[in-house]
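Chain by chain, the residues run as shown.
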Amino acid sequence: MPESRFDVLLQQAAAGSLTRREVLKRAAGLGLGAPAIAALLAACGGSSTTPTTSTTSSTSTTSSTTTTSTGGSTPSTSAGSSPVAAATSATSGGPTKRGGGGELKLLWWQAPTILNPHLSQGTKDFDASRVVLEPLADFDQNGNLVAALAAEIPSASNGGVSSDGKSVTWKLLQGVKWSDGQPFTSADVKFTYDFVTNKAAGATTVGNYLVIDSIDTPDDYTVTVNFKNPNPAWFNVFVGPYGMILPQHILKNYVGTNARNAPFNLKSIGTGAYKVDSFTPGDVVNYSINDNFREANKPFFDTVNLKGGGDATSAARASIQTAEVDYGWNLQVEASVLQAMETASSPGKLLVTPGNSVERILVNLTDPNTTVDGQKSHLGTPHPFQSILAVRQAYAMAVPRDQIATTIYGPTAKPAVNVLNGPPKFTSHNTTWKYDLAAAGTLLDNAGWAKGADGVRAKGGVKMEITYQTSILTQRQQVQEVVKASFGQLGIKVTLKTVQASVFFGSGASNVDTYPHFYADLEEYYIGPSAPFPLSYMAEFYGKASNIAQRENSWSGLNITRWQNSDYDAAYEQAAIELDPTKQAQLFIKMNDLIVNNVAVIPLYIADGYIPIAHTLAGVAALPWTGSFAQVGEWYRTKA
């Protein structure tokens, strides 16, 4: 069956693709109770919700920012080490003894507010918690599982994953201690589940754990997780940012309604390379070496200072130009600005983070200009010409993706053809794209849409006049202008509409300018999978009526293009229960190809991100599927 609607909503909230107001609207549409809503709002963090007005024009306007998502699955067999442990091995010149590295300075322009990841207010809190706490396993750059507190990664071959997909057994590392010297055991894993799923706690990670039926701990170093249904995404629990394990002996008296009163939330006890010395919420966290850490030659740095505040540009400058800090986070800064900071003599550099998200234009399959039952874009009212495949195919050929990628977004951007762009095993190699106005014109001619005296194509008295909307962001308005000019040559008249981001990504049944309402013909924004098993991401195109954004569900449905395809729905439903990795990949690739070939969406570009780090900081890897600190114990400093 399809993934839980709560789970999908929680992942979108945590990924930053929904504002608090929109989460409230969709939660109400799902009939969720107060604890679940509290968990969703906490996952949102600081999303903007201030409403403003939209404008309709044919010119570009001012700028805003976009968000990206994070989130891995092919088993690996390494145990007890980080995703890039090899980068700091003795053979690679890494540290050979613990400590001696001085202070590691980190700058998060949004400061953490809590150090319990299961009560997190956003990515900043997951990262600050990960310095101390660990999951059973984490994800490497390609979404592969790498053991952390687990002795090995479960698989069918080692008996860890049951043949029916309804249970997974984890073998834990032995001899691991919490930073206060107490032993880490299976009881801590079971306690973490009990803590998170207690409704009164309002845990932000609860969505990942609702698939569990029960947990067995036959001994101190074995944990068996029993699922309610066959679960191909068994690695979504106790793994990655949402999977950090809590100490039972510290938190056993702080469950349910008392969860947020625990001193642990401000001074966590963990099994990781560092421990918390002091924490001022909204300002700074100071860490020092965990003397009980299981790897005798790690970590390298004596202390870690994680400072919050400022803005994205100042964080970049402090990391690249002035060497005030060693590492900066969440730089929602234009690539050209970042690249201008990096010179041959600058003390910092830019670490490239491979992009998995895609900027895309969505094509409305319903009519945004006709009102039915009190709503436009009604599911039962097909678009007068965009519901025709040949028209959508012409659209796809009339968008110059290479020009958009390289001219507007810079050298790290590349034209996109797929909706699903990672992990690599789920990325299709079957799809292609081309910019060809002549071929696009032929498609429209053959479909009976001919140019009139005014240069605009028409058929049966209906003119090809469309509205193309997106949020206010300099690059997006530039894309709009490029597409408008190209469509104009093709004989399609385009009116551009720009909407403040807080409105476009907002909510409320009366706010008709939100992207789920989609009261336009085309709209554009940036999104990607938040986890390496991308079922919740692909739910956006699941075509069952209950999943279509419409008045009946207060526009909480995930499918906002209103595209419906029975082959897609069957593949999606099978992917939700398919256990064979090869067949999983085939299903996700099939889903992607159906979306692309039916032109429900026109992918525009994929762009890499940047992390500014000091030239002397080594052992750092870009980890798109997990938090920044999944391998902070591996970091070290080289000579300048």
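Heads up: the structure comes first, above all this text.
A brief look at the structure comes next. Model, not experiment: these values are computed from the prediction. Residue indices follow the written sequence of each chain, beginning from 1 at its first position. At least 70 in pLDDT is required for a residue's local features to be given in this predicted model, at least 80 for side-chain atom pairs to be given and counted, and no such filter applies to totals for whole chains, interfaces and linings, which use all residues. Heavy atoms from the whole structure form the basis of all side-chain values; hydrogens and water molecules are not counted.

So, the nonpolar core
- By nonpolar core we mean a set of buried residues, namely Ala, Val, Leu, Ile, Met, Phe, Trp, Tyr and Cys, connected to one another through side-chain atoms within 4.5 Å. Buried means the residue's accessible area, taken with a 1.4 Å probe over protein chains only, is under 20% of the maximum for its type, while exposed means over 50%, and partly exposed covers the values in between. Leu136, Trp170, Phe238, Tyr287 and Trp635 are the most contacted members of the largest nonpolar core, which has 128 residues in total.
- Apart from residues no more than four positions distant in its own chain, Trp635 is found in contact with Leu104, Leu106, Phe300, Phe301, Tyr327, Leu617, Ala618, Gly619, Val620, Ser628 and Phe629.
- Ile361, Tyr409, Tyr526 and Tyr605 belong to the second largest nonpolar core, which has 37 residues in total. Whether two residues touch is decided by their heavy atoms; if any such pair falls within 4.5 Å, the residues are in contact.

Re the sheet that holds strand E17 (residues 462–463)
- Read across the sheet, three strands follow the order E15-E16-E17 without closing on themselves; strand pairing throughout is antiparallel. Edge positions in the sheet fall to strand E15 (450–451) and E17, since each has one partner strand and no second. Think of it this way: DSSP has to see at least two bridges between two strands before they count as a pair. Helical segments are the DSSP runs of H or I of at least four residues, strand segments are the runs of E of at least two, and each set is numbered from the N terminus.

Describing helix H10 (residues 401–408)
- Taken together, the buried positions of H10 are occupied by Arg401, Ile404, Ala405 and Ile408. Seen from one end, H10 has its buried residues packed into an arc of 115 degrees, which puts them on one side.
- Elements that come into contact with the buried residues of H10 comprise helix H9 (389–397), strand E14 (413–415), helix H12 (474–490) and strand E21 (601–607).
- Among the residues trailing H10, Gly410 stands out with phi positive, at a value near 100 degrees. Each direction from the helix axis to a C-beta atom contributes to the arc, which is the arc of those directions.

Some points on the side chain of Gln550
- Mapped onto the elements, Gln550 comes out in the loop between helix H14 (535–538) and helix H15 (566–575).
- Owing to a relative accessible area of 10%, Gln550 belongs among the buried residues under this scheme.
- Those residues in contact with Gln550 that lie beyond four places of it in its chain are Gln375, Leu379, Ala545 and Trp555.

So, unusual backbone geometry
- In the segment running from Lys298 into Pro299, the intervening peptide bond is cis, with an omega of 0 degrees.
- For Pro299, the position within the fold is in the loop between strand E9 (284–289) and strand E10 (303–308).
- Residue Pro423 is reached from Gly422 by a cis peptide bond, and omega for that bond is 0 degrees.
- Topologically, Pro423 is positioned in the loop between E14 and helix H11 (437–446).
- With a phi angle near 50 degrees, Ser377 is a residue other than glycine that sits in the positive phi range.
- For Ser377, the position within the fold is in the loop between strand E13 (358–363) and H9.

What about the packing of aromatic side chains?
- We call Phe, Tyr and Trp rings a pair once their centres come within 6.5 Å, taking the six-membered ring for Trp, and we label the pair stacked below 30 degrees between planes, edge-to-face above 60, and tilted otherwise. Taken as a whole and judged by the stated rule, the model has 31 aromatic pairs.
- With centroids separated by 5.3 Å and ring planes inclined at 90 degrees, the aromatic side chains of Phe533 and Phe588 adopt a geometry described as edge-to-face. Of the two residues, Phe533 sits in the loop between strand E20 (522–527) and H14 while Phe588 sits in helix H16 (residues 581–597), which places them 55 residues apart along the sequence.
- A relative accessible area of 5% places Phe533 in the buried class.
- For Phe588, a relative accessible area of 0% translates into the label buried.
- Grouping aromatic residues by their ring pairs yields a cluster made of Trp170, Trp234, Phe235, Phe426, Phe533 and Phe588.
- One Lys or Arg, Arg360, reaches over the ring of Tyr525 and ends 4.8 Å from the middle of that ring. Lysine NZ or arginine CZ positioned within 6 Å of the ring centre and within 35 degrees of the ring normal marks a charge as sitting over the ring.

Functional significance is not addressed by these values, which are geometric in nature.
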